[in-house]
Structure formats: structure tokens, C-alpha cells
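Descriptive structure summary
As a plain string of letters, each chain reads:
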Amino acid sequence: MATNTRKVSKNTRVSDLITVEDIQKWEPDVPVIIDAGTGVGKSYFIKNTLYDIAKEEGQKILFLIHRRKCVDQFIMEIEADGKDDVIDIVTYQKFSMHKSRYNDFGEEDFFNPYDYGYIVSDEYHYFTEDASFNDTTDVAYEMIMECPTAVKIFMSATGENIESYMRDYLTDNAQKLSIREGIKPLKYKIPTNWSFINQLYFFYREDAFKRKAEEVICKGTKAIFFIESAKKAYELYKQFEDNAIFCCSDSNKDYAKYMDKEKLNQMLENERFEENLLITTACLDAGVNIKDKDVKEVMIDIRDLGSLIQCMGRRRIGRRKDNGAYSEKIDVYVRARTNEQLGGMITQIKKNIAPAQFLDFNGEDEFYREYPRFNANVDKSGIIYTDKKDNCLKVNELMLKKKESDIELYNKMINLSDYGYCSYLADKFERTHKYDRFGNIIKWKYEIYEPEYIDVMVTLNRYASDKTEFCDKSQKDKLVQELSLRKNGRVVKTAKTINEKLETMGIPFKIEETKTNRKVNGEKKAKQMRVWKIIPTK
């Protein structure tokens, strides 16, 4: 892959990195990748620099977005700036329709890629990330890649999976695409600046959302909660509906009816909300901007890593004009997964993709001998589908790529540490600060947010202040019961395992265990025992 070698920093803007001269050299055969995080002007670049060039050339820009609410917000911006004469905005889903459809205004609405000089795929991780639940992402991808007349621009902060797939796709389909062999995407990269994170927390218990909601309302601040399940998001909203606004996908048949459309439209237009809590699913994971300084915290329970990172970027942070650094920071809370949970996820994915891998390797005849009762119409994985044109089974390669990448990622997490998920994300967000002599990370900087955190702190602080000693088994058992710290669902009982849990939770106390000889219960002879004492670690 050809990568732009121009010097950049974490505070570089896309319009600084990509010049007019660069754009004029772009060719339809060579995909352009803009790898950059939120808030560095990717959309601004399209709506201004690229707009000016396209208008001068007499070309149009097709701007593809993967969430309906993002489309609504972008359309308002484009129309307000008077730039809808050149830029058309549409979802990937509508773009990929083979037959004409009607838009909200009743006009025939079919987006032909040949009508555009530039096709911009915003948040192009959509092709693989949404493939985990949308079995037609490959349709839009192939329509874009097979268009020989448009310059193709792909933008995302989390496009690693599709980027890898794209390289292989260009190599394997050079003849089909009528392009010269050996073409690689042209990549412009701005490293992500994670310094907007004030403190990174992980949590395991579902009631952590309820606890945090109570804290936010009590303090009179604001927070955004991203919850994967619309059912769980709505149930939480019902507990705090006087102080919250609820959002999910418009296509959700069970819960879309509970959204206050007027409030949500005001939020999109004003880029802020008046309530203490915005409780939403991943339907707002990209494109939507919340520029509300009262939003101090973002709490996320989203399994997919790419979507999780996108959720963090919805709270847009202001930057200083003198050096581009962030002018404020927020606390981020992420629902963690244990190594055991990651292992279970790997097992389930392997089971789901096994038929698709078999079909890819052996062909349809062998496949039906191995899976004689297979029915693509009821296949829950959605990876295998029936191609009506050729009347044969085919594999959604983008979806398969996503699943295989997830296995690789989860294994990587498990191999990092006993808390692999937390360690991986802490490293990803540059929260590492201790290394061994070989350069391997041995200390990650994060804290565990749990509802019982305060109770544990108070208990340990009391015993440390009183210099209480725990000598016999009954005294230690009482302490273990008071703390009730758990690992993998089981109460931890030894000084070592309790200390490991306290360190992971970020609690600044530990058990000091010493050997001593003492007389117990009036015995004449001293007996050796292990004594516990609570001491501060900071």
C-alpha cells in the first residue's frame, strides 16, 4: 500500500495533509484511504476542499453514510451551506438497492455510481463491521469498486479489517475490475489522539449503568450511555425517563416507537441535548456530533471494538487554536469481557463460520454432502447466501473476513494478560506506562468502576486506620465476606487473589501478610501463623 509520507502529528487536520495538487492526481483505479480519528476534519475536507474541486470540474460527489441519523445531520449541514448542488448524501443501504425506490418526497430515487466523479465512503468500516449482522454490505462495496469512472475515497478511524480485505480484493480481481495488476490503495494517515480521555474505567456488572445514572443526575452533569441491546437501553431509560432521552434505530420494530423524534431532531440540529442522560444503541456510533461541554462522561457496552471506538468519538471535544490540543477531557467507561467470556465468543464464532469456510475450500457439491440439510434461508450466521442470479450458494466474504478477524483479535487479547480485554484497550488508548527490558508492556493504566467500589474503599480504609490484624481463619473469613470480591463469578479468598483484584479495581489498599509466632486462645506454647493487615499502596 502506498502511504503518504508527508510529516504529520496528532494535531494535523485532513485539509492540511491532503492538498489540491494531491486530489488532482487521484485516479479512479486507485482507491484513496483516509485513516484518521474523529475531530480532524474528514467531513470538512469533503464539504469544502473536495467540493470546490468537484464543482470546478463539473463533477458530483456521492457521500455514503451508514446511519440514517447521520444522514439527517449531514443533510442539514449541506443544505445550510448551500452545497447540495454538488454533494448527494445517502445511506449505504439505499445505495445498494438494485431496483428503483422512492424517497421521502415521492420522487424516483436510484443512485447510479456512474453519475458521480467522486464516491466517498464515510466510516467505511461499515463494510466489515456491519457485516456481523447485515448480510448485504458486500453489495454496496462491489458497486463502488466496480465503478470505473469515479475516484473512490474511503474514510474511517477503524478501517483495519476492510483495508486488509481491499488489498486482497484488488489483487484477486484485477481482471474483473479492468485495472492493472499490482495496484494498491493510496493511504493518508493521521495518528489518533487519545489525550481527550481523562480517565479510562472498565466495568463488569450491568447495574453499573444504574449507579452511574444516579451519580450524573445527582451532580447535575450529563453523560452518554451506549448500550448494544435496544431492550436493555429502553429498560434503563424507563427508570430515568424524567432525566433522559432514548434513541435506537428507526428500523427497530419493538422500540423505535418510544423515541421522542422532536427531541432527537433538536439534538441533531443543536448538537446537544437538555436532559442529563442520552441513552442510545450503536445507531449513533458514527457521524453524529455532540458538542456539549456539560457531557463529562461516556459509558459504553458495545461488543464490537470498531463500533466502541466510534461511540467514544460522538462527544466532540474542542481544540485549542494555538496548538490544536484538546481543550477539555472526558471520562470513558467500557464494559469489559473476561478472558473466559472471550474464549466463549471465539468458540461460538468458529462454530458459525465452519460451514462457510468448508464451502469456500471445497465447493458446493462437497458442501451439500457434508451439510445435507443446510438451508441458506434459515442460516442464522448469514454468511452463506443463495445467489439468485447464478442459482448457487455463495459466501459473503466480507462477513467471513470480519468473523475471522474477531477470532484473531480475541486471541490476541487473551494472550496479553489475565485481564486481556482491559489490557488491549488500555494499550490501544495509550494508557500504558511500564515496560520490561524487552519493551513488552507489564503495566496498564486504567481503573475498574464497580458499584461496590465505594463500599470496599470504606471498609479497607477503616481497617487500615484502626490497624486491625486478622489472625485466625474466622477473622479472615469475615473480611473475605465483607469484601465479597469476585473473579470469574467466585469469591476470592487468599491474600494474593484479593490483592490482584484490588489492584485491578484501582483500589489503593492491599493485604500485607506476615508470619509470626503467637499464643492463641490461652495456649501455653506460641504457634506460627500468618497475620493479615490492611495497608495503603499509595
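Residues numbered from 1 in each chain as written. Predicted model: local features only at pLDDT ≥ 70, side-chain atom pairs only at ≥ 80, totals over all residues. Heavy atoms only, no water.

Examining the overall build of the chain
When helices and strands are tallied, the chain shows 20 helices and 25 strands. For the chain, the proportion of its 538 residues judged to be buried stands at 52%. In the chain, the share of contacts with a sequence separation of at least 24, taken over all contacts with a separation of at least 6, comes to 71%. Of the roughly 27,300 Å² of accessible surface on the chain, a fraction of 45% belongs to carbon and sulfur atoms. (Helix = DSSP H or I, 4+ residues; strand = E, 2+ residues; numbered from the N terminus. Buried < 20%, exposed > 50% of the residue type's maximum accessible area, 1.4 Å probe, protein only. Contact = heavy atoms within 4.5 Å. Areas by Shrake-Rupley, 256 points an atom, 1.4 Å probe, with all protein chains shown as cover.)

Some remarks on the sheet that holds strand 25 (residues 527–536)
Taken in spatial order, the three strands of this open sheet run 21-25-24, and their pairing is antiparallel. Each edge of the open sheet carries a strand with a single partner, namely strand 21 (469–470) and strand 24 (509–518). Where strand 21 and strand 25 come together, two bridges link them in antiparallel fashion. Opposite F470, over in strand 25, you have W532 as the bridge partner. Together, strand 21, strand 24 and strand 25 form the strand contacts of helix 19 (residues 473–483), whose direction differs from that of strand 25 by roughly 30°. The sheet contacts of helix 20 (residues 495–505) involve strand 24 and strand 25, and relative to strand 24 the element is tilted by about 160°. (Pairing = 2+ DSSP bridges. Axes fitted to C-alpha atoms, helices over the stretch in contact; angles between N-to-C directions.)

Re the confidence of the model for the chain
The pLDDT averaged across the chain works out to 85; a share of 88% of its residues lies at or above 70. Low confidence marks residues 98–108, where pLDDT is under 50. Its contacts with residues over four positions away, or in another chain, come to twelve contacts. (pLDDT = per-residue confidence, 0-100.)

Here's the deal with unusual backbone geometry
Phi is positive for S178, close to 55°, though the residue is something other than glycine. Among the structural elements, S178 can be located in the loop between helix 9 (174–177) and strand 9 (186–189). The backbone of S484 shows a phi angle near 50°, a positive value even though the residue is not glycine. Checked against the element boundaries, S484 lands in the loop between helix 19 and strand 22 (486–487).

Quick look at helix 17 (residues 420–428)
Along helix 17, seven of the nine residues are buried, which leaves the element largely enclosed by surrounding structure. Among the residues making up helix 17, those that are buried are G420, Y421, C422, S423, Y424, L425 and A426. Just past helix 17, the residue E430 takes up positive phi, approximately 60°.

Remarks on the nonpolar core
Within the largest apolar cluster, 141 residues are counted, with the highest numbers of intra-cluster contacts made by I153, F202 and L425. Counting residues per element, this core draws most heavily on helix 14 (residues 339–362), at seven residues. Filtering out sequence-adjacent residues up to four positions away, L425 remains in contact with F202, L305, L308, V334 and M413. With 31 residues, the next largest nonpolar core counts L62, I119, C147 and I162 among its residues. (Core = buried A, V, L, I, M, F, W, Y, C linked by side-chain atoms within 4.5 Å.)

So, the environment of L170
Within the element layout of this structure, L170 appears in helix 8 (residues 160–172). The exposure class of L170 is buried, given its relative accessible area of 3%. Measuring from C-alpha to C-alpha, the distance between L170 and M145 comes to 8.9 Å, with 25 residues separating the pair along the chain. If we ignore the near neighbours within four places in the chain, the residues touching L170 are P31, M145, L177, I179, I183, K184 and P185.

Re the packing of aromatic side chains
For the structure on display, the rule yields 28 aromatic pairs. Arranged with centres 4.7 Å apart and planes meeting at 50°, the rings of W194 and F429 form a pair that is tilted. Taken together, the residues span a long stretch of sequence, with W194 in the loop between strand 9 and strand 10 (197–203) and F429 in the loop between helix 17 and strand 18 (432–435) at a distance of 235 residues. W194 sits in the buried class, given a relative accessible area of 9%. Each member of the aromatic cluster is reached from another via a ring pair, and the members are Y92, Y124, Y126, F127, Y141, F154, Y165 and Y169. The aromatic ring of Y51 is capped on one face by K83, whose charged end is 5.0 Å from the ring centroid. Across the ring face of Y463, the terminal group of R462 is positioned such that the distance to the ring centre comes to 4.7 Å. (Phe/Tyr/Trp six-rings, centres within 6.5 Å; stacked < 30°, edge-to-face > 60°. Lys NZ or Arg CZ within 6 Å of the ring centre and 35° of its normal.)

A word on the sheet that holds strand 11 (residues 222–227)
One open sheet accounts for seven strands, arranged 12-13-11-14-15-10-20; its pairing is parallel. The open sheet has two free edges, formed respectively by strand 12 (244–247) and strand 20 (447–448), since each of these has just one partner strand. As judged from the four bridges shared by strand 12 and strand 13 (residues 277–280), these two strands associate in the parallel manner. Residue pairing in the sheet places C247 in a bridge with T280 of strand 13. With respect to the sheet, helix 11 (residues 230–239) is in contact with strand 11, strand 12 and strand 13, its orientation differing from that of strand 12 by roughly 160°. Helix-sheet contacts for helix 17 involve strand 10, strand 15 (330–335) and strand 20, and the interaxial angle to strand 10 is about 165°.

Some points on helix 14
With 24 residues, helix 14 should reach 34 Å at 1.5 Å per residue; the first-to-last C-alpha distance of 33 Å fits that figure. For helix 14, the set of buried residues is N339, L342, M345, I346, I349, I353, P355, A356 and L359. Of the surrounding secondary structure, the elements contacted by the buried residues of helix 14 are helix 15 (364–370), strand 16 (384–387), strand 17 (392–395), helix 16 (397–416) and helix 17. (Expected span 1.5 Å × (residues − 1).)

Details of the pattern of salt bridges
Applying the stated rule across the entire model yields 32 salt bridges. With a closest N to O distance of 3.2 Å, K55 and D85 form a salt bridge. Of this pair, K55 sits in helix 3 (residues 42–57) while D85 sits in the loop between helix 4 (68–81) and strand 4 (87–91); the two residues are 30 residues apart in sequence, bridging distant segments of the chain. Owing to a relative accessible area of 47%, K55 belongs among the partly exposed residues under this scheme. (Salt bridge = Lys/Arg side-chain N within 4 Å of Asp/Glu carboxyl O.)

As for the pairing of strand 7 (residues 118–122)
Counted residue by residue, strand 7 has five buried out of five residues, so it is predominantly covered. Neither face of strand 7 is left uncovered, since the one carrying Y118, V120 and D122 and the one carrying I119 and S121 both have all their residues buried.

Thoughts on the pairing of strand 25
The sheet contact formed by strand 24 and strand 25 spans ten bridges and is antiparallel. In the strand pairing of strand 25, T516 is matched with M529.

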